[in-house]
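Here are the chains, one letter per residue:
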Amino acid sequence: MINIPEEEIKKRILKQIVSLIQIGWRGRIISIGYDDTVKQIKKGKKGFLIIAEDIAERTKRNILKEGNLEYYQLFTKSELGSFIGKKEVGIIFVPMTKFGLKLKSLIAQYFELKRR
């Protein structure tokens, strides 16, 4: 059995998360930004949010008031933006589809390893 260091496993999971965000954006599965996220919530779409670690507290509070959504704070605004060819992205809405469940599972794995 190969023993892979935990840091390497975290890097690999992060790489998969980034890949899925990129695929989700190219496939128009995910929505980015405050306004598009609010539109999805108002349409009654079920999903979760990826919120940048450096987002303004007020913006975070306001988006969470819009809907009772689970969220993960991961990456900075500029990192999220760079993944999809934008300058900065503070909020990503991920719908609860097979795609969303896969992404959510990877994020949960990452945070589980990070907590150790």
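Criteria and thresholds
- Residues numbered from 1 in each chain as written.
- Predicted model: local features only at pLDDT ≥ 70, side-chain atom pairs only at ≥ 80, totals over all residues.
- Heavy atoms only, no water.
- Patch = residues over 30% accessible without salt bridge, like charges linked within 9 Å, V, L, I, M, F, W, Y side chains within 5 Å.
- Areas by Shrake-Rupley, 256 points an atom, 1.4 Å probe, with all protein chains shown as cover.
- Salt bridge = Lys/Arg side-chain N within 4 Å of Asp/Glu carboxyl O.
- Lys, Arg positive; Asp, Glu negative; His and termini not counted.
- Charge placed at Lys NZ, Arg CZ, Asp CG, Glu CD.
- Buried < 20%, exposed > 50% of the residue type's maximum accessible area, 1.4 Å probe, protein only.
- Axes fitted to C-alpha atoms, helices over the stretch in contact; angles between N-to-C directions.
- Helix = DSSP H or I, 4+ residues; strand = E, 2+ residues; numbered from the N terminus.
- Parallel < 35°, antiparallel > 145°, perpendicular 65-115°, else oblique.
- Left-handed = near helix turned anticlockwise from the far one by under 90°.
- Contact = heavy atoms within 4.5 Å.
- Nonpolar A, V, L, I, M, F, W, Y, C, P; charged D, E, K, R; others polar.
- Pairing = 2+ DSSP bridges.
- Right-handed = clockwise from strand over helix to strand, strands pointing away.
- Expected span 1.5 Å × (residues − 1).
- Arc of directions from axis to C-beta.

J.: Any chance you could explain a negative patch on the surface here in plain terms?
T.: On the surface, a cluster of negative charge is made up of E53, D54, E79 and E88. For E79, a relative accessible area of 34% corresponds to the partly exposed category.

J.: Would you explain the packing of helix 1 (residues 6-26) against helix 5 (residues 98-115) in this entry?
T.: Two measures define how a pair of helices packs: the angle their axes make with one another and the distance between the axes. Contact geometry of helix 1 with helix 5 gives a least axis separation of 10 Å together with a crossing angle of 155 degrees. The orientation of helix 1 with respect to helix 5, classified from their angle, is roughly antiparallel. Between helix 1 and helix 5 lies a crossing of left-handed hand. Across the interface between the two elements, E6, I9, K10, I13, L14, Q16, I17, L20, I21, I23 and G24 from helix 1 touch F99, K102, L103, L106, I107, Q109, Y110, L113 and K114 from helix 5. Within the contact of helix 1 with helix 5, the residues separate by chemical class into 13 nonpolar, three polar and four charged.

J.: How should I be thinking about the side chain of K10 in this particular structure?
T.: Inspection of the secondary structure assignment puts K10 in helix 1. You can call K10 buried: its relative accessible area is 13%. When sequence neighbours within four positions are dropped, the list of residues in contact with K10 reads Y110, L113 and K114.

J.: What exactly am I supposed to notice about the pattern of salt bridges here?
T.: Any two side chains of opposite charge can pair, so long as their charged atoms come close to each other. Evaluation of the coordinates by the stated rule reveals six salt bridges. For the salt bridge of K39 with D36, the shortest nitrogen-to-oxygen distance reads 3.7 Å. Of this pair, K39 and D36 both sit in helix 2 (residues 34-42), three residues apart, roughly one helical turn. Between E112 and R115 there is a salt bridge, and its shortest N-O distance comes to 3.4 Å. Of this pair, E112 and R115 both sit in helix 5, three residues apart, which is roughly one turn of the helix. The class of E112 is partly exposed, set by a relative accessible area of 40%.

J.: Explanation requested: the sheet that holds strand 3 (residues 70-73) in the structure shown.
T.: Within a sheet, neighbouring strands are paired by backbone hydrogen bonds and run either parallel or antiparallel to one another. Taken together, four strands build an open sheet; the order of strands is 1-4-2-3 and the sheet is mixed. The strands lining the two open edges of the sheet, one partner per strand, are strand 1 (31-32) and strand 3. Strand direction decides the pairing type here: strand 2 (residues 47-51) and strand 4 (residues 91-95), joined by five bridges, are antiparallel. Across the sheet, residue L49 finds its bridge partner in strand 4, namely F93. Packed on one face of the sheet, helix 2 meets strand 1, strand 2 and strand 4 and runs near 30 degrees to strand 4.

J.: Would you take a moment to explain the pairing of strand 3 for this structure?
T.: On a regular strand, one side chain projects to one face of the sheet and the next to the other, so that they alternate. Note: strand 2 against strand 3, four bridges, orientation parallel. Of the residues in strand 3, the one forming a bridge with F48 is E70. Taken together, strand 2, helix 3 (residues 57-66) and strand 3 constitute a β-α-β crossover, and its handedness is right-handed.

J.: I'm lost on helix 1 in this one. Help?
T.: Within an α-helix, residues lying three or four positions from one another point in the same direction, as the helix has 3.6 residues per turn. Between the first and last C-alpha of helix 1 there are 30 Å, a value that for 21 residues agrees with the 30 Å anticipated at 1.5 Å per step. Here helix 1 has its buried residues at K10, I13, I17, V18, L20, I21, G24 and W25. Down the axis of helix 1, the sector holding all buried residues measures 160 degrees, keeping them to one side. In helix 1, the exposed residues that point more than 90 degrees away from the buried face are K11, K15 and R26. Lining the buried residues of helix 1 we find strand 1, strand 2, helix 4 (77-83), strand 4 and helix 5. In the segment just after helix 1, R28 is the residue with positive phi, at about 55 degrees.

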